[in-house]
Amino acid sequence: MFRRSLLAALLCLSCQAVVAQKHVHGDGQLLIAQDQQQWQFQFILPAADLLGFEYVPESAEQKEKLKSIVSKIENVEEMIRLPRYCTLVSMSHSLFNLNPQSLESTHSHANKHAITAHVEQGHLREHLDIKITYIFKCKNTPDSAVATVMEWASSLHVLNAQWITNEQQGAVKLKSSSAVIRF
Ligand SMILES: [Zn+2]
């Protein structure tokens, strides 16, 4: 698990980023934190840049799109590529909040209310961020990572990456032409 201080730093980092960075289409964030062998990569992306819409899918076409994007991000290689000595330990994402079927299950009853409330709040209606978190275990310290999401999410023009590792902090603006982070 992440040390408390590091977690606080990460939370603070995402706090600042959320405050500093408004929801802008084409503009995403990638927050990276290391705790010993564990490396956490959290993407915060406008739903518009993944799905093309920012609400619970209505048409059959939108439902298909949601399904295809879920299977894409569940294949970590489509989002981030690390050296081979890093293995994926876990992942989570908030796209299930948009799945009409999961909204029907009792499990996500609270979610349904949250989404409904979200949708009904006029000004929020058209904007939604998707959070995707991957945790890797790396036997050695990776010297780089490639944000492969930039290869297929064509409307995502900029990915603001920020990191806190055991040795350093840093930030870089990634683009599809230069999507490599060097730690
Ligand atoms: Zn939006």
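Our structure is the block above this text.
Residues numbered from 1 in each chain as written. Predicted model: local features only at pLDDT ≥ 70, side-chain atom pairs only at ≥ 80, totals over all residues.

A. Just helix α3 (residues 60-73), in detail. Helix length check: α3, at 14 residues, gives a terminal C-alpha distance of 20 Å against a target of 20 Å (1.5 Å per residue), a fit within 8%. Burial in α3 covers these residues: Leu-66, Ile-69 and Ile-73. Along the axis of α3, the buried positions cluster into a sector of 70°, meaning they face one direction only. Away from the buried face of α3 by more than 90 degrees, exposed residues Ala-60, Glu-61, Glu-64, Ser-68 and Ser-71 are located. On its buried face, α3 sits against α2 (47-50), β3 (86-93) and β4 (129-138). (Helix = DSSP H or I, 4+ residues; strand = E, 2+ residues; numbered from the N terminus. Expected span 1.5 Å × (residues − 1). Buried ≥ 20, exposed ≤ 12 C-beta atoms within 10 Å, placed from the backbone. Arc of directions from axis to C-beta. Contact = placed C-beta atoms within 7 Å.)

B. Highlighting the nonpolar core. Counting 35 residues, the largest nonpolar core has Leu-30, Ile-32, Leu-50, Ala-147, Met-150, Leu-159 and Ala-161 as its most contacted members. For this core, the elements supplying multiple residues, two or more each, are β1 (27-35), β2 (38-46), α2, α3, β4, α6 (149-152) and β6 (158-164). Apart from the residues within four sequence positions on either side, Leu-159 is in contact with Gly-28, Leu-30, Ala-147, Met-150 and Leu-174. (Core = buried A, V, L, I, M, F, W, Y, C linked by C-beta atoms within 7 Å.)

C. Examining the pairing of β2 more closely. β2 sits mainly inside the fold: 7 of its 9 residues count as buried. Pairing analysis gives 7 bridges linking β1 to β2, with the strands arranged antiparallel. Among the inter-strand pairings, Ala-33 is bridged to a residue of β2, identified as Gln-40. Counting the residues that bridge the hairpin from β1 to β2 gives 2 residues, and of these Gln-36 lies at a positive phi of roughly 55°. (Pairing = 2+ DSSP bridges.)

D. Expanded view of the sheet that holds β1. As summarised here, the arrangement of the 6 strands in space is β3-β4-β2-β1-β6-β7, forming an open sheet in which the pairing is mixed. At either margin of the open sheet sits one strand with a lone partner, and together these are β3 and β7 (169-174). Strand-to-strand twist in this sheet, taken as the mean axis angle between neighbours without regard to direction, amounts to 15°. Alignment of β3 against β4, held across 7 bridges, turns out to be antiparallel. Counterpart to His-93 in the pairing with β4 is Ile-132. (Axes fitted to C-alpha atoms, helices over the stretch in contact; angles between N-to-C directions.)

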